[in-house]
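Letter by letter, the chains look like this.
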Amino acid sequence: MESLVSVLSSLTLSEFITQFKMTKEGLVSMTTQKTFEPAEVEILHFYRFEGESNPSDNAILYAIETNDGEKGTIVDAYGMYNDVLVTSFMKLVDKIHK
C-alpha cells in the first residue's frame, strides 16, 4: 500500500494542486479563498490509510474537483478522530467516484 505522502505527491503531479480546508461555511480553497457547497464539489477519488501500529493513524484523502474546475485535496482522520465538519460535508456530496 502506498503512503499518504506518496499519493499526495502523485495527485499533485496530476494537477490536484489546491489544498482545501473545511469551515462552518463550507469547503474553502486555500488558493482562491472561494467557498464551495456540497453541490459544487465532485469527489473524483478517495484513499484510506491505516496506521500499522496505531489505530488512531487512520486517514482518508479526498481528491476533489469543484464546479469551476479547481482540483485539489483534503485529508481527514476517520473513525473516532474524524473532523465532524469534513465528514458531514462529504456525506452531502452527491458526486462521488472511486
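Residues numbered from 1 in each chain as written. Predicted model: local features only at pLDDT ≥ 70, side-chain atom pairs only at ≥ 80, totals over all residues. Heavy atoms only, no water.

J.: Help me understand unusual backbone geometry, please; the structure alone is not making it clear to me.
T.: Outside of glycine, negative phi angles account for most residues, and trans bonds account for most peptide bonds. Although it is not a glycine, glutamate 15 adopts a positive phi angle of roughly 75 degrees. Mapped onto the elements, glutamate 15 comes out in the loop between helix H1 (4-13) and strand E1 (18-23). For glutamine 33, which is not glycine, the phi dihedral falls at a positive 65 degrees. Along the chain, glutamine 33 falls in the loop between strand E2 (26-29) and strand E3 (35-36). (Helix = DSSP H or I, 4+ residues; strand = E, 2+ residues; numbered from the N terminus.)

J.: Teacher, can you tell me more about the packing of aromatic side chains here?
T.: Aromatic rings in a pair are described by how distant their centres are and how their planes are angled relative to each other. Summed over the entire model, instances satisfying the criterion amount to 1 aromatic pair. Their ring planes at 80 degrees and their centres at 6.4 Å tell us that phenylalanine 20 and phenylalanine 36 sit as a pair that is edge-to-face. Taken together, the positions of phenylalanine 20 in strand E1 and phenylalanine 36 in strand E3 put the pair 16 residues apart, joining distant regions of the chain. When its relative accessible area of 6% is taken as the criterion, phenylalanine 20 is described as buried. Take phenylalanine 36: its relative accessible area is 2%, and that puts it in the buried class. Here arginine 48 stacks its cationic end above the ring of tyrosine 78, 5.1 Å away from the centre of that ring. (Phe/Tyr/Trp six-rings, centres within 6.5 Å; stacked < 30°, edge-to-face > 60°. Buried < 20%, exposed > 50% of the residue type's maximum accessible area, 1.4 Å probe, protein only. Lys NZ or Arg CZ within 6 Å of the ring centre and 35° of its normal.)

J.: Would you mind going over the pairing of strand E5 (residues 59-66) with me for this structure?
T.: It is a general feature of regular strands that their side chains alternate between the two faces of the sheet. Of all 8 residues that make up E5, 7 are buried, and the element is covered over most of its length. Inspection of the sheet shows strand E4 (residues 41-49) paired to E5 by 8 bridges, in the antiparallel sense. If you follow isoleucine 43 over to E5, its bridge partner there is isoleucine 64. Here 7 bridges tie E5 to strand E6 (residues 71-77), and the two strands are oriented antiparallel to one another. By the bridge assignment, alanine 59 is partnered in E6 with alanine 77. Two successive antiparallel strands, E5 and E6, enclose a turn made up of 4 residues, where glycine 69 displays a positive phi of approximately 90 degrees. (Pairing = 2+ DSSP bridges.)

J.: Even after reading the chapter, I still don't get the sheet that holds E3, so can you show me in this structure?
T.: Strand pairing in a sheet takes place through backbone hydrogen bonds and is either antiparallel or parallel in direction. As summarised here, the arrangement of the 7 strands in space is E3-E2-E1-E6-E5-E4-E7, forming an open sheet in which the pairing is mixed. Every other strand in the sheet has two partners, leaving E3 and strand E7 (95-96) as the edge strands with one partner each. Here H1 sits on the sheet in contact with E4, E5 and E6, set at roughly 10 degrees to E5. (Contact = heavy atoms within 4.5 Å. Axes fitted to C-alpha atoms, helices over the stretch in contact; angles between N-to-C directions.)

J.: Got a minute to help me understand the environment of proline 38 in this structure?
T.: In this fold, proline 38 is placed in the loop between E3 and E4. Between the alpha carbons of proline 38 and lysine 24 there is a distance of 12 Å; along the sequence they are 14 residues apart.

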